[in-house]
Amino acid sequence: MIRVDSSLCLGCRSCFNVCPSQNIIRSEANGRATVHWKSCKEECDLCVKMCPSKALSLVSGDEAEPPCELSFDLAACNICGSLYATELMLEWIESVLPEKIQKDAAGLEWIRICPECRRNKEAESLTRLVLPGRRKEDWRCSWLFTAGKRGLHPERMKLL
Amino acid sequence: MSVYIDIDRCIGCRTCEAACQMEHDGQGHINVHYVEDLAAIPIFCRHCEEAYCTTACITGALYKDGEITAFDASKCSGCGLCTLACPFGVVWTDRIAHKCDLCRDREGGPACINACPAQALSDDFDRAVSMARSRAALTIAAFRGVR
């Protein structure tokens, strides 16, 4: 039998992924992630071993542990607004990473940004590095072109 | 060792993306991002010295092996915490995590380096460092109005 400690569970995908008999179901709908543990009679402790927050434990005995269901708030990306992880997972990440690196040079809390937007941010900052070198050779990278081709577009102004 | 990119050479053809996907059964680790119409930049694992994905990994599937941030698929539970800990957003998870392994099993080095038609990718550390220095100098010079 699996017992779930609801105060420790992060709502990640670990137990759902490793369960060989699909007794754990995780779904995401309407801004919430739901994990459902069916009452399990298998003699296996994969989910217990793999749980990152040690929220699961095996209990012996015949009394049937009732099926358990927990639901978690999903966090929205600060830039694009897509739901990319549960709030508790992000808080856990914030607790294990050193405090001083949780904001980048511009003061941006990158943990609260989805991976896709993190890559976009990285591409943008690298572009800002190469533009000065290109301006010598390529007229398309001139200040006027960057700012002016589509009017004063805010996305392009950020690169100036 | 890691793969370094010379952004000035990148033509944005996404050949590296395709080469990586072919090498890893369709599950690639490179994303080419386009910034307006000014630059194309492939974003992939940096093999950070202080890798936060390894800090977040509880099962020990992600670990530092010398300079390489290595991944052991047999230990991965697919929890997705490494995805959230990566500052560059290059680790992704479906049933297990996926990240750059520098094509360790491939003869002749990483597939992306060999495939790049513009020679924008390389694993030459010294060249990457000297380019980064001159770029940084140019940025400062341009900021002060020096031409």
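Quantities reported herein were computed from a predicted structural model and do not represent experimental measurements.

A.B. asks: Requested: an account of helix α4 (residues 115–135) of chain A, with residues and values cited.
C.D. replies: Residue and element names in this part refer to chain A. The terminal C-alpha atoms of α4 lie 30 Å apart, and with 21 residues this matches the ideal 30 Å at 1.5 Å per residue to within 8%. Residue Leu129 marks the point of greatest curvature in α4, where the axis turns by about 30 degrees; the proline Pro132 follows within four residues. Within α4, 15 of the 21 residues are buried, which leaves the element mostly enclosed by the surrounding structure.

A.B. asks: Kindly report on the confidence of the model for chain B, identifying the contributing residues and their values.
C.D. replies: Detailed conclusions should not be drawn from predicted coordinates in areas where pLDDT is low. Per-residue confidence for chain B gives a mean pLDDT of 90, with 97% of residues at or over 70. Confidence metrics for the complex model read pTM 0.86 and ipTM 0.88.

A.B. asks: Kindly report on the side chain of Thr86 of chain A, identifying the contributing residues and their values.
C.D. replies: Residues and elements named next belong to chain A. Relative to the assigned elements, Thr86 resides in strand β6 (residues 83–86). A relative accessible area of 0% places Thr86 in the buried class. A distance of 2.9 Å separates a polar side-chain atom of Thr86 from the backbone oxygen of Leu10. The contact partners of Thr86, leaving out residues within four places of it in the chain, are Leu10, Gly11, Arg26, Ala33, Phe72, Asp73, Leu74 and Ala75.

A.B. asks: An account of the state of the cysteines is needed here, citing residue identities and associated values.
C.D. replies: Across all of its chains, the model carries zero disulfides over all chains by this definition. Between Cys44 of chain A, a cysteine without a disulfide, and Cys47 of chain A, which holds the nearest cysteine sulfur, the sulfur-to-sulfur distance is 5.9 Å. For Cys45 of chain B, which is in no disulfide, the shortest distance to another cysteine sulfur is to Cys100 of chain B and amounts to 5.5 Å.

A.B. asks: Quick rundown of the interface of chain B and chain A? Include the residues and the values.
C.D. replies: Listed as interface residues are 41 residues of chain B and, on the opposing side, 50 residues of chain A. When chain B packs against chain A, close to 4000 Å² is buried across both sides, 62% of that on carbon and sulfur atoms. Three residues stand out in chain B for area buried against chain A, namely Glu36, Leu38 and Leu84 of chain B, and they jointly supply 18% of the buried area on that side. Applying the counting criterion to the chain B and chain A interface returns one salt bridge. Ionic pairing is found between Arg46 of chain B and Glu122 of chain A, a salt bridge with its closest N-O pair at 3.1 Å. At the boundary of chain B with chain A, the tally comes to eleven residue pairs in polar contact (both at pLDDT 80 or more). Within the residue set of the side of chain B that touches chain A, elements represented by two or more residues are β2 (31–35), β3 (39–43), α2 (52–56), α3 (81–85) and α5 (125–143) of chain B. Looking at the side of chain B that touches chain A residue by residue, the classes come out as 20 nonpolar, eleven polar and ten charged.

A.B. asks: I'd love a proper account of the confidence of the model for chain A, names of residues and values included.
C.D. replies: Per-residue pLDDT for chain A averages 84, and the proportion of residues at 70 or more is 89%. The weakest mean pLDDT in chain A belongs to helix α5 (residues 143–148) of chain A at 67; the strongest belongs to helix α3 (residues 87–96) of chain A at 93.

A.B. asks: Summarise the pairing of β2 of chain B; cite the residues concerned and give the values.
C.D. replies: Residues and elements named next belong to chain B. For β2 and β3, the ladder comprises five bridges, and the chain directions are antiparallel. What sits directly across from His33, in β3, is Ile41. Between β2 and β3, which pair antiparallel and follow one another directly, the connecting turn spans three residues, one of which, Glu36, has a positive phi of 45 degrees.

Thresholds applied
- Residues numbered from 1 in each chain as written.
- Chains lettered and ligands numbered in written order.
- Predicted model: local features only at pLDDT ≥ 70, side-chain atom pairs only at ≥ 80, totals over all residues.
- Heavy atoms only, no water.
- Helix = DSSP H or I, 4+ residues; strand = E, 2+ residues; numbered from the N terminus.
- Expected span 1.5 Å × (residues − 1).
- Bend = angle between axes of the 7 residues up to and from the residue.
- Buried < 20%, exposed > 50% of the residue type's maximum accessible area, 1.4 Å probe, protein only.
- pLDDT = per-residue confidence, 0-100.
- Polar contact = N/O pair within 3.5 Å; in protein donor to acceptor, adjacent residues only side chain to side chain.
- Contact = heavy atoms within 4.5 Å.
- Disulfide = S-S within 2.5 Å.
- Buried area = accessible area lost by both parts, 1.4 Å probe.
- Salt bridge = Lys/Arg side-chain N within 4 Å of Asp/Glu carboxyl O.
- Nonpolar A, V, L, I, M, F, W, Y, C, P; charged D, E, K, R; others polar.
- Pairing = 2+ DSSP bridges.

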